[in-house]
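Structural description and commentary
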Amino acid sequence: MTIAQKRPASPRLNNGFISSLKKQLPDLIPPTIAITIFLVLWQLFAWIPGATLPGPIQVIQDTWVLIFWPFYDRGGIDKGLFWQILASLQRVAISYTLAAIAGIALGILIGVNKTMSKALDPIFQLLRTVPPLAWVPISLAALRQNEPAALFVIFITAIWPILINTAVGVTQIPQDYNNVAKVLQLSRKDYFINILIPAALPYIFTGLRIAIGLAWLAIIAAEIVMSGIVGIGFFIWDAYQNNNVSEVILALVYIGVVGLVLDKMMGWLQNKILPAEQK
């Protein structure tokens with residue numbers, strides 16, 4: 001009888017993994033050291049007599065159920081952090097998509113039309129400086145429901161960097177490109193597809209990348225003051241109301257991680273779509 005023997009792992013795979021790990025070590029070591037120092041200092045300050053904030057050890061002890069069971073669902077707003085974050089991300093996805101569509105369209109419009117730009121620029125500059133929290137009472141008064149009000153707050157916060165950066169990108173199209181379009185007698189459709197969009201794309205992505213961070217910040221602010229909805233923002237407010245400071249700190253960590261992931265995803269998409277000479 002022939003006994004099947006387990007084939008040893010390919011040396012090439014092991015060498016490839018080790019070489020890849022060695023390449024990443026210079027980038028991983030500095031943040032690892034910085035995070036470790038931060039956690040140690042935080043814990044030392046938490047041990048000072050009279051300190052009111054819990055240290056990382058206490059946070060883990062108080063929230064280990066939330067950390068290791070993020071998928072629980074007891075109905076209503078009593079859900080694990082996975083469902084809280086997912087609900088917030090769904091609101092961000094809806095409003096961010098609408099803001100991207102409207103922002104790019106309006107940005108192109110005011111970028112190609114100087115009269116429209118002069119007419120709308122004062123209004124846009126005025127509205128874009130309003131903080132997300134200031135839109136909450138207006139949205140609640142107008143829409144009367146928490147969910148659409150939260151979506152509106154995200155939309156109105158995220159649209160401005162997309163709109164403004166798109167408009168700047170359109171106005172910064174090199175004159176040589178416009179001259180070539182005139183010589184070739186390109187139609188408006190061909191000019192839009194082959195010249196305007198490719199030339200303005202780096203500016204558009206800059207706006208999109210800024211807007212995704214603002215959208216994530218806006219949903220947190222909106223959910224904090226909108227009671228009775230599932231979301232990480234309301235989770236923070238509810239934990240604070242119940243004096244669960246460790247839960248607030250844990251939620252802040254999750255918010256930061258999700259925000260970082262969203263930014264990295266947008267940066268990855270930008271690198272995939274933009275030509276090498278425009279990166």
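Residues numbered from 1 in each chain as written. Predicted model: local features only at pLDDT ≥ 70, side-chain atom pairs only at ≥ 80, totals over all residues. Heavy atoms only, no water.

1. Remarks on the UniProt feature "transmembrane region" (unreviewed entry) in the chain
Here the UniProt feature "transmembrane region" (unreviewed entry) sits at residues 28-49, 93-111, 150-171, 191-208, 215-237 and 249-269. The annotated region residues 93-111 carries 100% helix and 0% strand content, and the separation between its end C-alpha atoms amounts to 26 Å. Between the first and last C-alpha atoms of residues 150-171 the distance is 33 Å; the span itself is 100% helix and 0% strand. (UniProt positions renumbered as here; feature names shortened; annotations may be inferred. Helix = DSSP H or I, 4+ residues; strand = E, 2+ residues; numbered from the N terminus.)

2. Observations regarding the packing of helix α2 (residues 56-68) against helix α10 (residues 245-273)
At their nearest, the axes of α2 and α10 sit 9 Å apart, and the two run at 70 degrees to each other. Considered as vectors, α2 and α10 are oriented roughly perpendicular to each other. Between α2 and α10 lies a crossing of right-handed hand. Residue-level contacts link Q58, V59, D62, T63, L66 and I67 of α2 to S246, E247, I249, L250 and Y254 of α10. By residue class, the composition of the contact of α2 with α10 is six nonpolar, three polar and two charged. (Axes fitted to C-alpha atoms, helices over the stretch in contact; angles between N-to-C directions. Parallel < 35°, antiparallel > 145°, perpendicular 65-115°, else oblique. Left-handed = near helix turned anticlockwise from the far one by under 90°. Contact = heavy atoms within 4.5 Å. Nonpolar A, V, L, I, M, F, W, Y, C, P; charged D, E, K, R; others polar.)

3. A few points about the environment of N244
Here N244 shows up in the loop between α9 (232-241) and α10. As for N244 and D62, which are separated by 182 residues in sequence, their C-alpha atoms are 8.7 Å apart.

4. Focus: helix α5 (residues 132-143)
Between its terminal C-alpha atoms α5 stretches 16 Å, which fits the 16 Å expected from 12 residues at 1.5 Å a residue. Along α5, the residues that are buried comprise W135, V136 and S139. The buried side chains of α5 occupy one side of the element, clustering within an arc of 120 degrees when seen end-on. Check the buried side of α5 and you find it contacts α4 (114-128), α6 (146-171) and α8 (188-225). In the segment just after α5, R144 is the residue with positive phi, at about 70 degrees. (Expected span 1.5 Å × (residues − 1). Buried < 20%, exposed > 50% of the residue type's maximum accessible area, 1.4 Å probe, protein only. Arc of directions from axis to C-beta.)

5. Overview of the packing of aromatic side chains
One pass over the structure, following the stated rule, counts seven aromatic pairs. Pairing F71 with F82 gives two aromatic rings, centres 4.7 Å apart and planes at 50 degrees, and the pair type is tilted. With a gap of 11 residues between them, F71 in the loop between α2 and α3 (81-112) and F82 in helix α3 connect regions that are remote in the sequence. Judged by its relative accessible area of 53%, F71 is exposed. Residue class for F82 comes out partly exposed when judged on its relative accessible area of 34%. Seen from their ring centres, F82 and W83 are 4.9 Å apart, and the 80 degrees between their planes marks the pair as edge-to-face. Classification of W83 as partly exposed rests on a relative accessible area of 30%. (Phe/Tyr/Trp six-rings, centres within 6.5 Å; stacked < 30°, edge-to-face > 60°.)

6. Quick notes on the packing of α3 against α8
Axis separation between α3 and α8 bottoms out at 8 Å; the angle between their running directions is 140 degrees. As for the relative orientation of α3 and α8, their crossing is right-handed in sense. Two secondary-structure elements touch here, α3 through I85, S88, L89, R91, V92, Y96, A100, I104, I108 and V112 and α8 through F192, L196, I197, I204, L208, A211, I212, A215, W216, I219 and E223.

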